[in-house]
Amino acid sequence: MPLTLTAVPCLRDNYAYLLHDPETGRTAVVDVPDVAPIHDALDAAGWALSDILITHHHDDHIGGVMRLREDTGATIWGAKADAHRLPPLDHALVQGDTVTIGAQAGRVIDVPGHTIGHIAFHFAESQMAFTADSLMALGCGRLFEGTPAQMWSSLSKLMALPDDTLICSGHDYSKGNAAFALSVDPDNAALHARISAMEADRLAGRPMAVVPLALEKATNPFLRAHLPAMKAAHDRLHASDAESFAHLRHLKDTF
Ligand code: ZN
Ligand code: FE
């Protein structure tokens, strides 16, 4: 039975995610920007928190971890490479490790770029991946610590997941990301259709940061950096995929 997913809006535009295993009752949260909204969501569902999964060290993803740990006694999972700048970890993770939420297993994927120790979690049976500030809805995280080549390699790993994987990312930057995407990929019909649908999603209160991978691949300009049409449109027909990505990321940084 797949995990039950609940997106919890936090702070200004962050998302935390609750993952509940209906078989065992175990419940995890991915990232803890803030404590109160997560308690509220747990109470509303009648779930007790058992596990805290951390994607990366930025304060808007870990700011509430210690309080939530004190309140619930939940087990903390995070990247071994970042153990020195994360709350104390019960499980220090490396690429390929498995996290278990009751009967459900998630695989750890190293996705450096936004930060060096950034990890993602892929729950294959539930067809969900938690990518925080690596692959984001219609965008990708800014490169604070890694190189464009590292981020391109990280995005390539995520692109290789099954197309029906639900990508759950760390922020709703959809408005700004849509404007940028249109500026670099103006003839993309799927992109226009997605942006038209986004307004209805927003009005219906659907979380903007939860998107099937197939739709990201069709519309997210950073996942299209390797396509000859994208390279040609930016005078980079003979550039490497990573160079084409670097160019798009630079355009976004100055957009
Ligand atoms: Zn971040
Ligand atoms: Fe963030």
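See the structure shown above.
Residues numbered from 1 in each chain as written. Chains lettered and ligands numbered in written order. Predicted model: local features only at pLDDT ≥ 70, side-chain atom pairs only at ≥ 80, totals over all residues. Heavy atoms only, no water.

### What about the coordination of the zinc ion (ligand 1)?
What counts is decided by this rule: Coordinating donors are taken to be N, O and S atoms lying within 2.8 Å of the metal, or within 3.2 Å when the metal is Na, K or Ca; because water is excluded from the atom set, some sites may appear incomplete. Labels for metal geometry use angle windows, namely 85 to 135 degrees for all angles of a four-donor tetrahedral site, and for square planar (four donors) or octahedral (six donors) sites opposite donors over 155 degrees apart plus all others within 65 to 115; sites meeting none of these are irregular. The way it works is that DSSP assigns letters per residue, a run of H or I at least four long becomes a helix, a run of E at least two long becomes a strand, and they are numbered from the N terminus. Throughout, exposure labels follow a simple rule: accessible area from a 1.4 Å probe, protein chains only, divided by the maximum for the residue type, with under 20% read as buried, over 50% as exposed, and the rest as partly exposed.
The protein atoms that coordinate the zinc ion (ligand 1) are His56 (NE2), His58 (ND1), His114 (NE2) and Asp133 (OD), at distances spanning 2.2 to 2.3 Å. Around the zinc ion (ligand 1), the four donor atoms sit at angles spanning 82 to 170°, and that spread fits a shape best called irregular. Here the donor residues for the zinc ion (ligand 1) map to a single chain with the spacing H-x1-H-x55-H-x18-D. A separation of 3.0 Å is found between the zinc ion (ligand 1) and the iron ion (ligand 2), which share Asp133 as a coordinating residue. Pair noted here: His56 is in the loop between β4 (51–53) and α2 (59–62) and His114 is in the loop between β8 (104–110) and β9 (119–123), with a separation of 58 residues, a long-range link. Given a relative accessible area of 1%, His56 falls into the buried group.

### Section: the coordination of the iron ion (ligand 2)
Within the protein, Asp60 (OD), His61 (NE2), Asp133 (OD) and His171 (NE2) serve as the donor atoms for the iron ion (ligand 2), at 2.1 to 2.4 Å. In terms of primary sequence, the donors binding the iron ion (ligand 2) are separated according to D-H-x71-D-x37-H.

### Some points on the sheet that holds strand β7 (residues 98–101)
In plain terms, the rule: We call two strands paired when DSSP finds no fewer than two bridges between them. Axes, fitted as lines to C-alpha atoms, cover a helix only where it is in contact. Angles between the N-to-C directions of the axes lie from 0 to 180 degrees.
Strand order in this open sheet of six strands is β7-β8-β9-β10-β13-β14, and the pairing throughout is mixed. Two strands in the sheet have a free side with no partner beyond their single neighbour: β7 and β14 (210–212). Strand-to-strand twist across the sheet, computed as the mean angle between neighbouring axes with direction ignored, equals 25°. Bridging between strand β10 (residues 128–132) and strand β13 (residues 166–169) involves four bridges; their strand directions are parallel. Counterpart to Ala129 in the pairing with β13 is Ile167.

### Points about the nonpolar core
Basically, it comes down to this: Nonpolar cores were defined as sets of buried Ala, Val, Leu, Ile, Met, Phe, Trp, Tyr and Cys residues, with membership established by side-chain atoms within 4.5 Å. Residues are treated as being in contact if the distance between any of their heavy atoms lies within 4.5 Å.
Of all hydrophobic cores here, the largest spans 23 residues; its most connected members are Leu135, Leu155, Leu158, Phe222 and Phe245. Looking at this core, the elements with two or more residues in it are α4 (148–159), α5 (174–184) and α9 (241–253). The greatest single-element share of this core, amounting to five residues, is contributed by α4. Once you skip the residues sitting within four places of it in the chain, Phe245 turns out to touch Cys140, Leu143, Pro148, Met151, Trp152, Leu155, Phe222 and Ala225. Grouped together as the second largest cluster of nonpolar side chains are 21 residues, Ile101, Val108, Cys168 and Val210 included.

### Some details on unusual backbone geometry
Of note, the phi angle at Leu11 is positive, near 50°, even though the residue is not glycine. Considering the arrangement of structural elements, one finds Leu11 in the loop between β1 (4–10) and β2 (14–20). For Asp31, which is not glycine, the phi dihedral falls at a positive 70°. Residue position: Asp31 is located in the loop between β3 (27–30) and α1 (36–45).

### Here's the deal with the sheet that holds β2
The strands making up a sheet are joined through hydrogen bonds of the backbone, oriented either antiparallel or parallel. Here six strands make up an open sheet; going across it, the order is β1-β2-β3-β4-β5-β6 and the pairing mixed. Two strands bound the open sheet, and with one partner strand each, they are β1 and β6 (91–93). Strand-to-strand twist across the sheet, computed as the mean angle between neighbouring axes with direction ignored, equals 20°. As paired strands, strand β5 (residues 75–79) and β6 are joined by three bridges and run parallel to one another. Its bridge partner lying in β6, Gly78 is registered against Ala92. Here α1 sits on the sheet in contact with β1, β2 and β3, set at roughly 145° to β1.

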